[in-house]
Amino acid sequence: MRLGRAGLLLAAAVLASAAQFSVLAGPLSAHGKVKVGWHPAQVRVGDVAWLEIHGVPESAVLEGSLGGRPLSFFPYAGGRAALVGLDLETKPGIQPWRLAIMTHADPPQTVEGRLKILKRDFQVQRLTLPTKMVDLDPETERRAVAEADQLRTLYRTVTPERFWRGRFTRPVGGTEPGTGFGARRVINGHPKAPHTGIDFGAAPGTPVVAVNDGRVALVADFFFPGRLVVIDHGLGLYTLYFHLQEAKVTDGERVSRGQPIGTVGATGRATGPHLHFGAHVGAARIDPATLFELTVAD
Ligand SMILES: [Zn+2]
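Rules behind the numbers
- Residues numbered from 1 in each chain as written.
- Predicted model: local features only at pLDDT ≥ 70, side-chain atom pairs only at ≥ 80, totals over all residues.
- pLDDT = per-residue confidence, 0-100.
- Contact = placed C-beta atoms within 7 Å.
- Core = buried A, V, L, I, M, F, W, Y, C linked by C-beta atoms within 7 Å.
- Buried ≥ 20, exposed ≤ 12 C-beta atoms within 10 Å, placed from the backbone.
- Helix = DSSP H or I, 4+ residues; strand = E, 2+ residues; numbered from the N terminus.
- Pairing = 2+ DSSP bridges.

*Asks:* Whenever I open this one, the confidence of the model for the protein confuses me. Can you help?
*Replies:* The predicted structure's coordinates, where accompanied by low pLDDT, should not be read in detail. The predicted model of the protein has a mean per-residue pLDDT of 88, with 89% of residues at 70 or higher. The low-confidence segment residues 1-31, where pLDDT is below 50, has 57 contacts with residues more than four positions distant or belonging to other chains.

*Asks:* Which parts of the structure should I look at to understand the nonpolar core?
*Replies:* Grouped burial of nonpolar side chains is what soluble globular proteins tend to show. Among the nonpolar cores identified, the biggest contains 62 residues, and Val84, Leu86, Leu228, Val229, Tyr238, Tyr241 and Val281 are the most heavily contacted of them. Broken down by element, the residue count for this core peaks at 7 residues, all from strand 19 (residues 237-247). When sequence neighbours within four positions are dropped, the list of residues in contact with Leu86 reads Val43, Val45, Gly46, Asp47, Ala49, Ile117, Ala284 and Ile286.

*Asks:* Honestly, the pairing of strand 18 (residues 226-234) in this entry has me stumped. Any pointers?
*Replies:* Within a regular strand, side chains alternate between the sheet's two faces. Burial of strand 18 is extensive: 7 of the 9 residues sit out of reach of the surface. Of the pairings in the sheet, the one linking strand 17 (residues 214-222) to strand 18 comprises 7 bridges and is antiparallel in character. Residue pairing for strand 18: Val216 is matched across the bridge by Ile231. Between strand 17 and strand 18, which pair antiparallel in sequence order, lie 3 residues. Bridging between strand 18 and strand 19 involves 6 bridges; their strand directions are antiparallel. The residue of strand 19 that forms the bridge with Val230 is Leu240. Where strand 18 hands over to strand 19, the hairpin turn is made up of 2 residues, of which Leu235 adopts a positive phi near 55°.

*Asks:* Quick question: what am I supposed to make of unusual backbone geometry here?
*Replies:* Working note: non-glycine residues mostly have negative phi, and peptide bonds are mostly trans. Cis geometry marks the peptide bond from His39 to Pro40, where omega comes out at -15°. Within the secondary structure, Pro40 is located in the loop between strand 3 (35-39) and strand 4 (43-44). Phi is positive for Ala283, which is not a glycine, with a value near 70°. In this structure, Ala283 sits in the loop between strand 22 (274-281) and strand 23 (284-286).

*Asks:* How should I be thinking about the sheet that holds strand 14 (residues 190-191) in this particular structure?
*Replies:* Within a sheet, adjacent strands bond to each other through the backbone by hydrogen bonds, running parallel or antiparallel. Read across the sheet, 3 strands follow the order 12-13-14 without closing on themselves; strand pairing throughout is mixed. Each of the sheet's edge strands pairs with one partner strand only, and the pair in question is strand 12 (124-127) and strand 14. The pairing of strand 13 (residues 184-187) with strand 14 spans 2 bridges and is classified as antiparallel. Among the inter-strand pairings, Ile187 is bridged to a residue of strand 14, identified as His190.

Written out as structure tokens, the structure is:
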């Protein structure tokens, strides 16, 4: 049984009726023995984690949140599961999670608990870039802001269907880990927004592949990201591939894990040829390398 596996934190579910706020510890109600497991047992700022829920009636509608951010559930191993993104600017410490279980027959129930999020230290990167890539003229500034808004809106859009399955593969060949997630950037001496993805150094023209099944949500040429592809994996998970020399897919196209979607380049604001690879879960900016460690089995 999954919940008995070593390394899994089995959170003792605390059940309370939706009608009352007092927390009832101990025996679970007749609605079933709701069990909640977090993977991995220890989560850090910037991680993607997932939770697994058992003991909820199959017909029940489930809603959940962590730290106020909604979760998107999918059927899993006879129960439910959801990916959880811990944004790179999440405050470490305790965050409350909450599930609401709604069935036709019974009054709604809430199950609540707390998740400890460990801190993570991020490096500071000092970069020198040509001033024209840093001090933007008003028109370019407006363009960059509009493009960032378009991306943010996209990442907040939750497609109700789950496209991804099983393991996530690397977006480029080789074994070198991607670098720079969460780096606090100082460009030409001025502090800038943190680096929200990882960078893979690679020769121009190196194939870039989809890390899992999905649907191409955007192919575009933007000022900072350059030529880019965004893949929607469903249920709020997006992966992004920036600075491409060439994109080999089109908007709306279905892609499968390992399928070439473009080639490495140095378009947009890039100091040299590399792939910038990012991932968002429920609009949380996560370390995409933690996707490769996900233990969801199907
Ligand atoms: Zn990057």
